[in-house]
Amino acid sequence: MNRIKFPRIAALLRLGLGALFIYASLGKIMDPAGFALSIDNYRMLPEFLVALMAAVLPWLELLCGLALVFNCWTPGASLLIFAMNAIFIIAIASAMARGLDISCGCFSTSEAGSRAGLAHLVEDLFFLAAAGYLYLSSIASLQPPQR
Amino acid sequence: MQFSRYLPAFALRQALILTLAALVLGLAANQLNPRGIAIGAAPTGAAAWDDSPTPVYPRPITLDQLQGLMQRRAALLIDARSREEYLDGHLPGALHIPFEGWFEQIDRVRALPHERWLVLYCSGGTCDLADLLAGELIREGFEKVAVYRGGIAEYRLANPLKRGEEAGRE
């Protein structure tokens, strides 16, 4: 595994992704019922998991966002953001495949014009790549080189 | 080993602690939030209509339950789709309050009755306009809010739709 190659790009991605996740979490933390509706509309989870996810996921986004912004526990936070984005991508792709005409629920809970579709899928793929890059570069800088 | 090199223990430990912290904070904040949600509530869907209000979450309603409420005149139907779709065919007696731009009709929304069930619908199976509008009505303080998720798609299979404007239903 290589050492971090572009430290400025990594720092920019870390701050950008962190700020984005903090921003995305706030509206959902204020309105868990609205976020629960958005999750429920994907029709992928049973009711009790919908409520649990609506209560916990925004806080996970907030904590991971803060961790990235303050560059504290970046490996753990970027790993979680990578995993969350992978789940979002599966959810949006599955909603598109099933022809669901629903709002994304990505950044706020009452975004009428923001449907779960290709634009959000591409966006999440970009975030996935950014989180992956951040993760690999952060663990590389914390581990001794091999051999 | 290659695997532990890409998933080192310290990264997994951090991720686990962050997840546990989010779980604790999320559950605690939800408890303290007056608009928090019920976690682990039993799923609804019983055939009989439970008349208790629904303070934070719109109640799903089946076609049978809807027709029962319509017969008892206990429900006010609200079509959350666009004006063109509404004029093209809606449930008999349904008011038209489109989710897109609903706030422009805020006076009309606030004048809706609190004692009757407001049953919202949109095109059916794959739409969420009714759910979104239901969320806004609940935020406006309405407690008897239900969503007919079968929507137009299910209703029209067995029942005629009404075209054009509704007159004198408010």
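Residues numbered from 1 in each chain as written. Chains lettered and ligands numbered in written order. Predicted model: local features only at pLDDT ≥ 70, side-chain atom pairs only at ≥ 80, totals over all residues.

(A) Summary view of the sheet that holds strand S1 (residues 59-60) of chain B. Residues and elements named next belong to chain B. Overall, parallel pairing links the five strands, which are arranged S1-S5-S4-S2-S3 in an open sheet. What marks the edges here is a single partner per strand, and that holds for S1 and strand S3 (95-96). With five bridges joining them, strand S2 (residues 75-79) and strand S4 (residues 117-121) adopt parallel strand pairing. Of the residues in S4, the one forming a bridge with alanine 75 is tryptophan 117. (Pairing = 2+ DSSP bridges. Helix = DSSP H or I, 4+ residues; strand = E, 2+ residues; numbered from the N terminus.)

(B) Quick look at the interface of chain A and chain B. Taken together, the 35 residues of chain A in the interface contact 35 residues of chain B. Listing elements by their share of the side of chain A that touches chain B, those giving two or more residues are helix H2 (32-41), helix H3 (47-69) and helix H4 (74-97) of chain A. Looking at which element gives the most residues to the side of chain A that touches chain B, the answer is H3 of chain A, with 12 residues. (Contact = placed C-beta atoms within 7 Å.)

(C) Representation of the packing of H3 of chain A against H4 of chain A in the model. Residue and element names in this part refer to chain A. Orientation of H3 relative to H4, taken along the N-to-C sense of each, is 135 degrees, at an axis distance of 9 Å. Comparing the axis directions of H3 and H4 gives the class oblique. Relative to H4, the crossing made by H3 is left-handed. Residues Leu60, Cys64, Ala67 and Leu68 of H3 form the contact with H4, whose own contacting residues are Thr74, Ala77, Ser78, Leu80 and Ile81. (Axes fitted to C-alpha atoms, helices over the stretch in contact; angles between N-to-C directions. Parallel < 35°, antiparallel > 145°, perpendicular 65-115°, else oblique. Left-handed = near helix turned anticlockwise from the far one by under 90°.)

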